[in-house]
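The chain contents come next:
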Amino acid sequence: MNSSERDMGICARAPGGPEVLEWAALETGEPGRGEALIAQRAVGVNFIDTYFRSGLYPWPSSPLIPGSEAAGVVESVGADVAGLAPGDRVAYTMPSGAYRQRRVVPADRLVKIPDAVPFEIAASLMLKGLTAQFLVNSCFPVKAGHTVLVHAAAGGVGLILGQWLKMLGASAIGTVGSAEKAQIAAAHGYAHIVNYRSEDFAARVAEITAGKGCDVVYDSVGNDTWRGSLKCLKRRGMFVSFGQSSGMIAEFKLADLAAGGSLFASRPMLFDYIASRAELQSRAADLFARVAAGEVRAHVGQRFALRDARDAHLALAGRRTIGATVLTT
Ligand SMILES: NC(=O)c1ccc[n+]([C@@H]2O[C@H](COP(=O)([O-])OP(=O)(O)OC[C@H]3O[C@@H](n4cnc5c(N)ncnc54)[C@H](OP(=O)(O)O)[C@@H]3O)[C@@H](O)[C@H]2O)c1
């Protein structure tokens, strides 16, 4: 690889569909105080990348470089960086900026990855795995015996959630959009699977729970599912709306929580649960310990070359992906 190729990446000059993603030469620069330069080996693809690309989420700067998780090797560090050295294997999650071959990153956002964890696994766990970690431990602490509904159970976050919920002793119900996805979700911890494209999922959850409903619903689909999700909850249950793969929730009113039985609701973002270095490190340590113990496995269902990020976005938005999608540099 020559040096000009090493500084390639993906950018968008205006919001739009996958076609706005361009393969372009990018300035990398040198690491400054408190920063490290990373040679990225694998980059995770996440639904949040499509929210930035489309303009649903405001751009931090223009042009946009999408991408919210990656793993690689430290090439060099700037002044005042302790505990990191060239050659260290690291990963990070940040809202955008990861679709590139080399990147300068604040050192306090990096975590070292165990030698046994391949780059593509680390790159598909930093955002998706830490999301599952905070959702079940902190946003709503799931306990043994809880009944939990997860939408898009065969997705990147969904497959990790299923395994984590099983490990905690919860009974997990997962919704999926196809028979193939149903099989994969069932192999990742879900006790019950509902195809929400062909069945009324709220009616099926009522049957499965003998009318009792769920303690918590983790809903990342949003506009197409939120009404049904509220119907699936027990009295005083928790509605966790953590994404909007089908579009932003419209028309939700606080009074809907009263009508559903004094429900609770949260709209959490991972970055508020890893804002401090200490919290990032403790959640990442928990995640990688689970991975080392074989309790949580990342399922990489699709791989694309970084320059083909457009195709990855088409597949993700088209509901054609299973588990995690990784771009290789
Ligand atoms: N709040 C946070 O901090 C946070 C962090 C990470 C992720 N998230 C959210 O979690 C969700 C999952 O992210 P992910 O990257 O793992 O994606 P993903 O779940 O792998 O992909 C999205 C899935 O959503 C389902 N879906 C339902 N309706 C859809 C529609 N109209 N268009 C596209 N997909 C639709 C599809 O599964 P089926 O075919 O099975 O329906 C699709 O595969 C996203 O909403 C993301 O924004 C939030």
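Since the structure is predicted, the reported quantities are computational estimates derived from the model, not experimental observations.

A. Quick peek at the environment of Cys 232. Along the chain, the position of Cys 232 falls in the loop between helix 7 (226-231) and strand 12 (233-241). The buried category is assigned to Cys 232, around which 27 C-beta atoms lie within 10 Å. Ignoring sequence-local partners within four residues, the contact set of Cys 232 consists of Leu 149, Ala 202, Val 205, Gly 213, Cys 214 and Val 217.

B. Representation of the domain arrangement of the chain. Domain annotation for the chain reports domain 1 (3-126 + 275-328) and domain 2 (143-267). Inter-centroid distance (C-alpha atoms) of domain 1 to domain 2 is 28 Å. Each side of the interface is counted separately: domain 1 has 13 residues, and domain 2 has 13 residues. By residue class, the composition of the side of domain 1 that touches domain 2 is five nonpolar, five polar and three charged.

C. Seen up close, the environment of Gly 177. Mapped onto the fold, Gly 177 is located in the loop between strand 9 (171-176) and helix 5 (179-186). On the neighbour-count criterion, Gly 177 (19 C-beta atoms within 10 Å) is partly exposed. Between the C-alpha atom of Gly 177 and that of Ala 153, which follows or precedes it by 24 residues, the distance is 9.1 Å.

D. Structural context of the packing of helix 2 (residues 47-54) against helix 10 (residues 309-317). Where helix 2 meets helix 10, the closest approach of the two axes is 10 Å, and the angle between their N-to-C directions is 105°. Judged by the inter-axis angle, helix 2 sits roughly perpendicular to helix 10. Packed against helix 2, whose contacting residues are Phe 47, Thr 50 and Arg 53, the element helix 10 presents His 313, Leu 316 and Ala 317 at the interface. Its residues placed into classes, the contact of helix 2 with helix 10 shows three nonpolar, two polar and one charged.

E. Local environment of the site of the ligand. With respect to spatial proximity, 30 residues lie near the ligand, and among them Gly 155, Gly 156, Gly 177, Ser 220 and Gly 243 are the closest. Elements supplying a minimum of two residues to the shell around the ligand: helix 2, helix 3 (119-139), helix 4 (156-167) and helix 10. For the shell around the ligand, the residue count by class is 14 nonpolar, twelve polar and four charged. Split by domain, the shell around the ligand shows at least three residues from each of two domains, domain 1 (3-126 + 275-328) and domain 2 (143-267).

F. The arrangement of the sheet that holds strand 10 (residues 192-195) in detail. Judged by pairing direction, the sheet is parallel, and its six strands sit side by side in the order 10-9-8-11-12-13 without closing on themselves. Each end of this open sheet is capped by a strand with a single partner; those strands are strand 10 and strand 13 (264-266). Strand-to-strand twist across the sheet, computed as the mean angle between neighbouring axes with direction ignored, equals 15°. Note: strand 12 against strand 13, three bridges, orientation parallel. Bridge assignment links Phe 239 to a residue of strand 13, and that residue is Ala 265. Of the strands in this sheet, strand 8 (147-150), strand 9 and strand 11 (214-219) are in contact with helix 4, which crosses strand 9 at around 165°.

G. Looking closely at unusual backbone geometry. For the peptide bond that leads from Ser 62 to Pro 63, omega is -5°, which places it in the cis range. Turning to its location among the elements, Pro 63 is positioned in the loop between helix 2 and strand 4 (69-77). Here the phi dihedral of Arg 236 falls at roughly 60°; this positive angle occurs in a residue that is not glycine. Locating Arg 236 in the fold gives a position in strand 12. Phi is positive for Arg 319, close to 65°, though the residue is something other than glycine.

H. View of the nonpolar core. Counting residues in hydrophobic clusters, the biggest one holds 99 residues, and the most contacted among them are Ala 91, Ala 123, Val 148 and Leu 161. Here this core takes 13 residues from helix 3, the largest share from any one element. The residue makeup of this core includes at least three contributed by each of domain 1 (3-126 + 275-328) and domain 2 (143-267). Once residues lying within four places of it in the same chain are set aside, the contact partners of Ala 91 are Ala 70, Ala 71, Val 111, Ile 113, Ala 122, Ala 123 and Met 126.

I. Spatial organisation of the environment of Arg 235. Along the chain, Arg 235 turns up in strand 12. A tally of 10 C-beta atoms within 10 Å means that Arg 235 is categorised as exposed. Counting along the chain gives 27 residues from Arg 235 to Ser 262, while the straight-line C-alpha distance between them is 6.2 Å.

J. Here's a closer look at the pairing of strand 4. Bridge count for strand 3 (residues 35-45) against strand 4 is eight bridges, and the pairing is antiparallel. Within strand 4, the residue paired with Val 43 across the bridge is Ala 70. The pairing of strand 4 with strand 5 (residues 89-93) spans five bridges and is antiparallel. Residue pairing in the sheet places Gly 72 in a bridge with Val 90 of strand 5.

K. Fine view of helix 4. Between its first and last C-alpha, helix 4 extends 18 Å over twelve residues, near the 16 Å set by a 1.5 Å rise per residue. The buried fraction of helix 4 amounts to ten of the twelve residues, a majority that puts the element mostly inside the structure. Listed in full, the buried residues belonging to helix 4 are Gly 156, Val 157, Gly 158, Leu 159, Ile 160, Leu 161, Gly 162, Gln 163, Trp 164 and Leu 165. Packing partners of the buried residues in helix 4 comprise helix 3, strand 8, strand 9, helix 5, strand 11 and strand 15 (324-328).

What counts, and at which threshold
Residues numbered from 1 in each chain as written. Predicted model: local features only at pLDDT ≥ 70, side-chain atom pairs only at ≥ 80, totals over all residues. Helix = DSSP H or I, 4+ residues; strand = E, 2+ residues; numbered from the N terminus. Buried ≥ 20, exposed ≤ 12 C-beta atoms within 10 Å, placed from the backbone. Contact = placed C-beta atoms within 7 Å. Domains from an automatic or database assignment. Nonpolar A, V, L, I, M, F, W, Y, C, P; charged D, E, K, R; others polar. Axes fitted to C-alpha atoms, helices over the stretch in contact; angles between N-to-C directions. Parallel < 35°, antiparallel > 145°, perpendicular 65-115°, else oblique. Near = placed C-beta within 6 Å. Pairing = 2+ DSSP bridges. Core = buried A, V, L, I, M, F, W, Y, C linked by C-beta atoms within 7 Å. Expected span 1.5 Å × (residues − 1).

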